[in-house]
Amino acid sequence: MRVDVQGLTVRYGEVTAVDDMSFSLSGNKIYGLLGRNGSGKTSLMSTLAGYRKPSGSVQLDGAPVFENAAAMRQVCLVRHSADAADKGDKVSYVLEYGAAWRDTWDNAYALELVDLFKIDLKTKVGALSLGQRSALGVVIGLASRSPLTMLDEAHLGMDTPTRYAFYDALLNDFMEHPRTIVISTHLIEELASLLEEVLIIDSGRLVLQEEADVLRSRGTEVTGNVSDVDEFTAALTVLSEKSLGSTKAAMLYGALDYDQLIRARQLGLELGPIALQDLFVHLTEPVGGKR
Ligand SMILES: Nc1ncnc2c1ncn2[C@@H]1O[C@H](COP(=O)(O)OP(=O)(O)OP(=O)(O)O)[C@@H](O)[C@H]1O
């Protein structure tokens with residue numbers, strides 16, 4: 001599903017959560033929506049899902065989503081820890097409701113995922129742990145097979161093995177059933193390898209939208225002897241550094257030119273792709289104000 005957003009602003013009284021945002025998603029990719037706390041991710045996704053009237057335009061496959069039942073049936077937004085589900089409902093009822101609402105729902109797959117995440121169908125939502133509630137949200141999100149599926153911090157409270165099971169399920173199902181998936185997360189490195197395109201938002205504004213591989217090529221990780229790395233990076237933009245004994249790794253922002261690549265080789269430095277997380281930290285406003 002294609003998504004077109006034009007001049008979108010979301011305000012809560014004095015607070016501008018989304019500030020004149022415009023972008024398009026060509027579709028059938030896994031998109032990472034990255035942004036610091038309060039940057040506007042949830043406000044943006046709920047507007048894309050048609051939950052709030054947009055100031056500006058939000059179109060899904062060329063049609064406005066707000067007050068458009070047919071378009072809204074094509075969308076599944078899973079907020080963290082399945083908080084939209086009624087705590088008194090049994091898991092089995094939540095799945096039935098999911099099935100009734102979505103034409104693309106795959107019930108056999110939903111049951112497979114419930115089994116994978118070890119969720120008892122007879123348990124009431126309120127009796128599930130935080131991680132189990134999140135897993136239920138993921139079951140709904142994936143089994144819906146919605147042409148636009150948005151997962152907003154869907155991993156909240158999941159332990160590490162469960163999160164990895166979620167990432168595997170997501171990737172496998174996406175390969176078999178390509179669709180537009182938007183994931184917001186603060187665990188950037190864990191999900192980085194799944195993301196094909198990345199949108200970074202900061203204070204309600206789109207900072208960048210780029211293919212994940214292109215984004216990674218905007219920086220370099222340089223590893224070698226502490227003194228060699230220090231010499232090499234002296235005049236460059238260093239995003240972060242890590243030292244272990246006599247070895248140091250520095251994350252650099254900006255592409256290296258030919259002479260710098262030659263110098264790195266002379267010094268015996270190893271060059272590798274930069275971590276998405278370091279780029280993200282660099283591109284968004286630091287905690288406590290401007291750099
Ligand atoms: N219902 C609301 N009433 C008033 N202000 C709100 C409301 N919902 C969100 N906001 C404000 O809008 C801004 C964006 O919030 P939003 O939840 O969209 O950000 P987010 O990027 O999803 O944050 P997080 O990563 O912490 O979940 C914040 O300043 C927040 O305080």
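The numbering scheme is per chain: residues are counted from 1 as the chain's sequence reads. Totals for whole chains, interfaces and linings use all residues, but because this is a predicted model, local features are given only for residues with pLDDT of at least 70 and pairs of side-chain atoms are given and counted only at 80 or more. Each side-chain value is worked out from all heavy atoms of the structure, with water and hydrogens disregarded.

(A) The arrangement of unusual backbone geometry in detail. Of note, D20 is a non-glycine position whose phi angle comes to about 50°, a positive value. The rule is simple: take the accessible area with a 1.4 Å probe, protein chains only, and divide by the maximum for that residue type; under 20% is buried, over 50% is exposed, in between is partly exposed. By relative accessible area, which is 52% here, D20 ends up exposed. Its identity as a non-glycine residue notwithstanding, K118 has a phi of 55°, on the positive side. Put simply, DSSP H or I for four residues or longer makes a helix, DSSP E for two residues or longer makes a strand, and each gets a number counted from the N terminus. By secondary structure assignment, the location of K118 is in the loop between α4 (107-116) and α5 (130-143). Judged by its relative accessible area of 68%, K118 is exposed.

(B) The site of the ligand, seen in detail. Whether a residue is near a molecule or strand is decided by its heavy atoms; if any one of them lies within 4 Å of it, the residue is near. Every residue close to the ligand is listed here: Y12, V15, A17, R36, N37, G38, S39, G40, K41, T42, S43 and H186. Polar contacts here mean pairs of N or O atoms no more than 3.5 Å apart (in protein, one a potential hydrogen donor and the other a potential acceptor; neighbouring residues in sequence count only if both atoms are side-chain atoms). Measuring from an oxygen atom of the ligand, one finds a side-chain N or O atom of K41 at 2.6 Å. T42 is positioned with one of its side-chain polar atoms (N or O) 2.7 Å from an oxygen atom of the ligand. Computed with the Shrake-Rupley method and a 1.4 Å probe, the accessible areas treat only the protein chains shown as cover for residues. Coverage of the ligand by the protein chains reaches 59% of its 630 Å² of free accessible surface. Here the element with the most residues in the shell around the ligand is helix α1 (residues 41-48); it accounts for three residues.

(C) The arrangement of the nonpolar core in detail. One finds I119, L136, F166 and L170 to be the most contacted residues of the largest nonpolar core, which totals 50 residues. Sort the elements by how many residues they give to this core and α5 lands first, with seven residues. Here, residues are in contact when the closest pair of their heavy atoms is within 4.5 Å. Those residues in contact with I119 that sit more than four places away from it in its chain are V91, V114, L128, Q132, A135, L136 and V139. As used in this record, nonpolar core signifies buried Ala, Val, Leu, Ile, Met, Phe, Trp, Tyr and Cys residues forming a set joined through side-chain atoms within 4.5 Å. Grouped together as the second largest cluster of nonpolar side chains are 26 residues, V10, V18, L60 and L77 included.

(D) Seen up close, the pairing of strand β3 (residues 30-35). Most of β3 is tucked away: six of the six residues are buried. Residues I30, G32 and L34 line one face of β3 and the alternating positions Y31, L33 and G35 line the opposite face, and both faces are buried. In terms of strand pairing, β3 meets strand β8 (residues 180-184) through four bridges, oriented parallel. Looking at β8, one finds that L33 is bridged to S184. Two strands form a pair only when DSSP identifies at least two bridges running between them.

(E) Spotlight on the domain arrangement of the protein. Domain boundaries shown here were taken from an automatic or database domain assignment. For the protein, the domain assignment lists domain 1 (3-214) and domain 2 (219-273). For domain 1 versus domain 2, the separation of C-alpha centres amounts to 37 Å.

(F) Examining the environment of I188 more closely. Tracing the backbone through its elements, the reader meets I188 in helix α7 (residues 188-192). In this structure I188 comes out as buried when scored by relative accessible area, which is 2%. Sequence separation between I188 and G32 is 156 residues, and the spatial gap between their C-alpha atoms is 8.6 Å.

(G) View of the pattern of salt bridges. Salt bridges, as used here, are contacts in which a Lys or Arg side-chain nitrogen is within 4 Å of a carboxyl oxygen on Asp or Glu. For the structure shown, the criterion picks out 15 salt bridges. R205 is the partner of D19 in a salt bridge, and the nearest nitrogen-oxygen pair spans 3.1 Å. Taken together, the residues span a long stretch of sequence, with D19 in strand β2 (residues 15-25) and R205 in strand β10 (residues 205-211) at a distance of 186 residues. For D120, the salt bridge identified is with K122, shortest N-O distance 3.8 Å.

(H) The arrangement of the packing of aromatic side chains in detail. By convention, a stacked pair of Phe, Tyr or Trp rings (six-membered ring in the case of Trp) has centres within 6.5 Å and planes under 30 degrees apart, an edge-to-face pair has planes over 60 apart, and any other such pair is tilted. On inspection of all chains with the given rule, the structure shows three aromatic pairs. The rings of Y164, F166 and Y167 are connected pair by pair, giving a single aromatic cluster. Lysine NZ or arginine CZ positioned within 6 Å of the ring centre and within 35 degrees of the ring normal marks a charge as sitting over the ring. The residue whose ring lies beneath R73 is W101, and the NZ or CZ to ring-centre distance is 5.4 Å.

(I) Fine view of the environment of L171. Residue placement: L171 occurs in helix α6 (residues 160-176). In sequence terms L171 and K29 are 142 residues apart; their C-alpha atoms lie 11 Å from each other. Ignoring sequence-local partners within four residues, the contact set of L171 consists of I30 and L194.

(J) Quick peek at helix α10 (residues 258-267). At the N-terminal boundary of α10, the capping side chain belongs to D257, with an oxygen 3.3 Å from the backbone nitrogen of D259. Backbone geometry just downstream of α10 places G268 in the positive-phi region, at approximately 75°.

(K) Representation of the sheet that holds strand β12 (residues 237-244) in the model. Taken in spatial order, the four strands of this open sheet run β12-β13-β11-β14, and their pairing is antiparallel. Both edges of this open sheet fall to β12 and β14 (270-273), since each of them pairs with a single strand only. Across this sheet, the average inter-strand angle for adjacent strands is 20°, counted without regard to direction. Orientation is described by lines fitted to C-alpha atoms, with helices fitted over the stretch in contact, and by angles between N-to-C directions that extend from 0 to 180 degrees. Helix α9 (residues 226-233) rests against β11 (219-225), β12 and β13 (247-253) of the sheet, and its axis sits at about 145° to β11.

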